[in-house]
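# Summary of structural features
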Amino acid sequence: MQKIRIKIKAYDSKIIDNAAEQIITTASRTGAKTAGPIPLPTNRSVYAVHRSPFKFGNAMDHFEMRTHKRLIEIIEPNQKTIDALTHLQLAAGVSIEIK
């Protein structure tokens, strides 16, 4: 039994949900079974930047960047499924890793 695992990453949760929905509808339209989207833990990156380099040395601004991730498994894919997924146009800012 073959499986395709698709891991999607994006900074915006709405964009990643729309991309996951597109992938699932494309796979189900070609006759493959899907499992997911499974939400994976969100990575948080916090950066501290000095506000003023001279007078107020302790004043800092904090910025946060969150990376949302989803996992989709396509069970029993056929050639139509693979062709449809390779030609799929997704929104900018979404990265895909296929195994």
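Not measured: the values here are computed from a predicted model.

## Description of the sheet that holds strand β3 (residues 60-75)
The pairing of strands in a sheet happens through backbone hydrogen bonds and is either parallel or antiparallel. Across the sheet, four strands lie side by side as β2-β3-β1-β4; this open sheet has antiparallel pairing. Two strands in the sheet have a free side with no partner beyond their single neighbour: β2 (33-50) and β4 (94-98). Within the sheet, the average angular offset between the axes of one strand and its neighbour, ignoring direction, is 20°. As paired elements, strand β1 (residues 3-10) and β4 share five bridges and run antiparallel to each other.

## Overview of the pairing of β1
Only one face of β1 is buried: it carries Ile4, Ile6, Ile8 and Ala10, and the other face, with Lys3, Arg5, Lys7 and Lys9, is open. Here β1 runs beside β3; their pairing, made up of eight bridges, is antiparallel. Residue Ile8 lies in a different strand from β3, and its bridge partner there is Arg70.

## A word on the pairing of β3
Taken together, the 14 bridges between β2 and β3 define a ladder with antiparallel strand orientation. Counted as the bridge partner of Arg44 is Arg66 from β3.

## Regarding the pattern of salt bridges
Think of it this way: side chains of opposite charge can pair up when their charged atoms draw near. For the structure on display, the rule yields seven salt bridges. In this structure, Arg5 and Glu73 form a salt bridge, with 2.7 Å as the shortest nitrogen-oxygen distance. Taken as a pair, Arg5 in strand β1 and Glu73 in strand β3 lie far apart in primary sequence, 68 residues in all. Assessed through its relative accessible area of 42%, Arg5 is described here as partly exposed. As a salt-bridge pair, Asp61 and Arg51 come within 2.8 Å of each other at their nearest N and O atoms. With a gap of ten residues between them, Asp61 in strand β3 and Arg51 in the loop between β2 and β3 connect regions that are remote in the sequence.

## Considering the environment of Lys3
Relative to the elements of secondary structure, Lys3 occurs in strand β1. Lys3 sits 19 residues away from Gln22 along the chain, and the two C-alpha atoms are 18 Å apart. The contact partners of Lys3, leaving out residues within four places of it in the chain, are Glu73, Ile74, Ile75 and Lys99.

The rules we used
- Residues numbered from 1 in each chain as written.
- Predicted model: local features only at pLDDT ≥ 70, side-chain atom pairs only at ≥ 80, totals over all residues.
- Heavy atoms only, no water.
- Pairing = 2+ DSSP bridges.
- Helix = DSSP H or I, 4+ residues; strand = E, 2+ residues; numbered from the N terminus.
- Axes fitted to C-alpha atoms, helices over the stretch in contact; angles between N-to-C directions.
- Buried < 20%, exposed > 50% of the residue type's maximum accessible area, 1.4 Å probe, protein only.
- Salt bridge = Lys/Arg side-chain N within 4 Å of Asp/Glu carboxyl O.
- Contact = heavy atoms within 4.5 Å.

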